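Structure assessment
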Number of protein chains: 2
Amino acid sequence: MDEREFLESYDPSEFPPVAVTVDVVALTIRDGALHVLLVERGGPPFAGWQALPGGFVLDETLDAAALRELAEETGLRPGEGALGRVHLEQLRSYGDPGRDARMRVVSVAYLAFAPSLPDPQAGSDARAAAWVPVAGAGELAFDHATILADGLDRARSKLEYTPLATTFVGPEFTIAELRHVYAAVWGEDLHAGNFHRKVLSVPGFVESTGETTTRGGERGGPKARLYRAGDARLLHPALLRPAREENVR
Amino acid sequence: MDEREFLESYDPSEFPPVAVTVDVVALTIRDGALHVLLVERGGPPFAGWQALPGGFVLDETLDAAALRELAEETGLRPGEGALGRVHLEQLRSYGDPGRDARMRVVSVAYLAFAPSLPDPQAGSDARAAAWVPVAGAGELAFDHATILADGLDRARSKLEYTPLATTFVGPEFTIAELRHVYAAVWGEDLHAGNFHRKVLSVPGFVESTGETTTRGGERGGPKARLYRAGDARLLHPALLRPAREENVR
DNA sequence: TTAATAGTGTCTTTCAGACAATATTAT
DNA sequence: ATAATATTGTCTGAAAGACACTATTAA
């Protein structure tokens with residue numbers, strides 16, 4: 001087996017042709033609702049369908065390919081401005097035979113958490129890309145609905161154990177803004193008072209800037225204190241969602 | 001971009017040749033210590049080095065490829081006997097350019113939890129495969145040390161939130177056997193009394209068989225009650241490791 | 001003034017962990 | 001008998017969640 005591997009390595013055309021792509025589940029919060037970045041496919045298969053942004057992996061790491069695709073679709077430059085604060089992590093890979101009718105395609109999916117970004121500019125490389133409310137996303141091309149669902153699961157879970165909710169907001173934020181992130185991702189409202197005390201009690205989750213907002217809420221209320229992300233990488237103790245019966249089975 | 005994708009799809013040789021493989025981090029408990037299945041490489045590169053079992057993905061799902069490789073290396077048949085109780089899940093993918101000097105290789109790594117399996121038979125397809133104590137594993141070929149480390153991290157974490165510790169033991173087991181699984185994977189002893197009460201308090205983790213062991217421990221002690229895995233898919237509340245300061249940073 | 005919101009206080013219940021105690025069994 | 005182990009009991013402190021309360025601000 002090893003010898004065969006070795007010999008085959010000298011003639012790549014011996015392999016069944018496999019393409020490796022990256023697909024990105026990029027999430028952000030807009031108007032209090034969770035949005036995902038989708039592109040409209042120009043050509044077959046699934047022409048005109050919505051799909052996750054993605055493309056072939058070039059001579060680069062998988063992480064770099066994902067970041068490049070995200071930058072291309074948003075029209076932003078990697079590592080610059082708002083894109084510099086994007087959290088990007090590998091989700092999982094999808095490689096069922098037949099998931100792309102043209103040929104065997106193994107896709108490495110990535111999950112991105114972004115603060116509110118400008119609308120993608122229909123430009124050079126950018127196809128018709130847009131932030132779409134997750135709740136209103138229709139059918140997706142290929143197996144992208146599955147990938148999106150897996151990404152949402154991962155995102156919901158990550159908010160429990162990590163401080164990544166802060167990557168959805170600006171560099172300075174209020175506790176209420178953070179709570180709205182949790183509410184949008186988890187799809188359920190959280191008790192303001194308990195959430196407030198909980199966030200401040202977790203070491204390294206947030207740290208105070210000493211400043212407050214310049215004015216209260218739109219419909220009244222006191223000025224809120226501002227915080228920035230702390231140095232914690234994991235939340236101890238975690239912010240657990242209420243246990244649902246579906247999980248136990 | 002989409003047009004180029006479409007056109008390229010008709011001429012696979014246009015792609016830079018990429019090979020897709022699966023590598024399996026198969027873990028089991030032997031003599032109270034965590035072991036990983038390793039093979040000795042026969043040919044270059046890394047001839048004579050130890051490596052994770054793996055190979056090319058054929059016309060099959062990624063999961064099927066991982067199960068096939070595991071079956072080949074252990075000499076067991078997939079879905080049969082002990083292999084039928086193996087837990088197999090995708091870990092993550094590794095695709096840095098240069099991780100294999102011969103060509104671009106993207107590897108989809110899998111994590112397997114197995115009850116104690118017989119020693120692999122050096123047979124037809126099986127190379128020199130063996131269960132090696134994780135603590136005593138030396139350097140590994142390619143980036144397999146990284147993959148193993150990621151697999152161990154995942155395994156340690158999975159024991160916290162899922163009942164997968166039961167996949168390391170037989171269909172019937174004592175609470176003490178389960179505790180030894182946790183001790184071996186986490187690398188720390190657990191308080192017997194507290195662990196016992198905790199396991200029984202989590203709904204669906206284990207269920208009693210009504211039987212007991214036929215004799216006590218080797219060095220004395222009462223007979224222990226026997227349990228089988230329950231129907232829980234997640235542990236609520238979870239069995240958390242003590243929080244370590246390294247996590248917060 | 002009114003309504004909304006930020007932030008704090010309090011109480012109950014659950015749970016983790018330390019520790020003790022008892023019963024059972026191999027040697 | 002002795003030592004080891006299974007199992008249960010008790011206590012303390014941390015933490016989650018329900019709820020109430022005060023202070024502040026926009027309209």
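Residues numbered from 1 in each chain as written. Chains lettered and ligands numbered in written order. Predicted model: local features only at pLDDT ≥ 70, side-chain atom pairs only at ≥ 80, totals over all residues. Heavy atoms only, no water.

Okay, the environment of A:A130 next. Residue and element names in this part refer to chain A. Among the structural elements, A130 can be located in strand β7 (residues 129-133). A130 sits in the partly exposed class, given a relative accessible area of 31%. Note: C-alpha distance between A130 and E207 (77 residues apart in sequence) is 33 Å. What A130 contacts, discounting residues up to four positions off in sequence, is V36, L37, L38 and P120. (Helix = DSSP H or I, 4+ residues; strand = E, 2+ residues; numbered from the N terminus. Buried < 20%, exposed > 50% of the residue type's maximum accessible area, 1.4 Å probe, protein only. Contact = heavy atoms within 4.5 Å.)

With that settled, consider the protein's contact with DNA strand C. The local shell around DNA strand C holds 26 residues, among which A:H196, A:P222, A:R225, B:N194 and B:K198 are the closest. Backbone sugar and phosphate groups make up 71% of those atoms of DNA strand C lying within 4 Å of the protein. Contacts to DNA strand C include A:R179, whose side-chain N or O atom sits 3.3 Å from a phosphate oxygen. Between a phosphate oxygen of DNA strand C and a main-chain N or O atom of B:A238, the distance comes to 3.3 Å. Those elements giving two or more residues to the surface near DNA strand C turn out to be α4 (175-186) and α5 (192-201) of chain A together with α5 (192-201) of chain B. Classifying every residue of the surface near DNA strand C gives 6 nonpolar, 10 polar and 10 charged. (Near = heavy atom within 4 Å. Polar contact = N/O pair within 3.5 Å; in protein donor to acceptor, adjacent residues only side chain to side chain. Nonpolar A, V, L, I, M, F, W, Y, C, P; charged D, E, K, R; others polar.)

Taken together, 26 residues surround DNA strand D, and among them A:N194, A:K198, B:H196, B:P222 and B:R225 come closest. Within 4 Å of the protein, atoms of DNA strand D come from sugar and phosphate in 72% of cases. Note that a base oxygen of DNA strand D is positioned 2.8 Å from one of the backbone N or O atoms of A:G221. In the model, a base nitrogen of DNA strand D is placed 3.4 Å from a nitrogen or oxygen of the B:G221 main chain. Contributing elements (two or more residues each) for the surface near DNA strand D: α5 of chain A together with α4 (175-186) and α5 of chain B. In terms of residue class, the surface near DNA strand D is built from 6 nonpolar, 10 polar and 10 charged.

Residue and element names in this part refer to chain A. Per the domain assignment, the segments making up chain A are domain 1 (12-151) and domain 2 (162-247). Contact with domain 1, which involves 13 residues of that partner, is made by 9 residues of domain 2. Taken over both partners, the interface formed by domain 1 and domain 2 buries close to 820 Å², and the fraction arising from carbon and sulfur atoms is 73%. On the domain 1 side of the contact with domain 2, I29, R85 and F113 bury the most area, a combined 53% of that side's loss. Counting across the domain 1 and domain 2 interface gives 0 salt bridges. Taken together, the connections running from domain 1 to domain 2 amount to 0 residue pairs in polar contact (both at pLDDT 80 or more). Going through the elements one at a time, β1 (18-30), β2 (33-40) and β5 (87-94) are the ones with two or more residues in the side of domain 1 that touches domain 2. (Domains from an automatic or database assignment. Buried area = accessible area lost by both parts, 1.4 Å probe. Salt bridge = Lys/Arg side-chain N within 4 Å of Asp/Glu carboxyl O.)

It is worth spelling out the packing of helix α3 (residues 144-161) of chain A against α4(A) at this point. Residue and element names in this part refer to chain A. Here α3 crosses α4 at 145°, and the two axes come no closer than 9 Å. Seen along the crossing, α3 lies across α4 with a hand that is left-handed. Each of A155, R156, L159 and E160 in α3 lies in contact with α4, whose residues at this interface are V181, Y182, V185 and W186. Of the residues contributing to the contact of α3 with α4, the split by class is 6 nonpolar, no polar and 2 charged. (Axes fitted to C-alpha atoms, helices over the stretch in contact; angles between N-to-C directions. Left-handed = near helix turned anticlockwise from the far one by under 90°.)

In this model helix α3 (residues 144-161) of chain B runs 26 Å from its N-terminal to its C-terminal C-alpha over 18 residues, within 8% of the 26 Å that 1.5 Å per residue would give. Taken as a whole, α3(B) has its buried residues at B:H144, B:I147, B:L148, B:G151, B:L152, B:A155, B:L159 and B:E160. (Expected span 1.5 Å × (residues − 1).)

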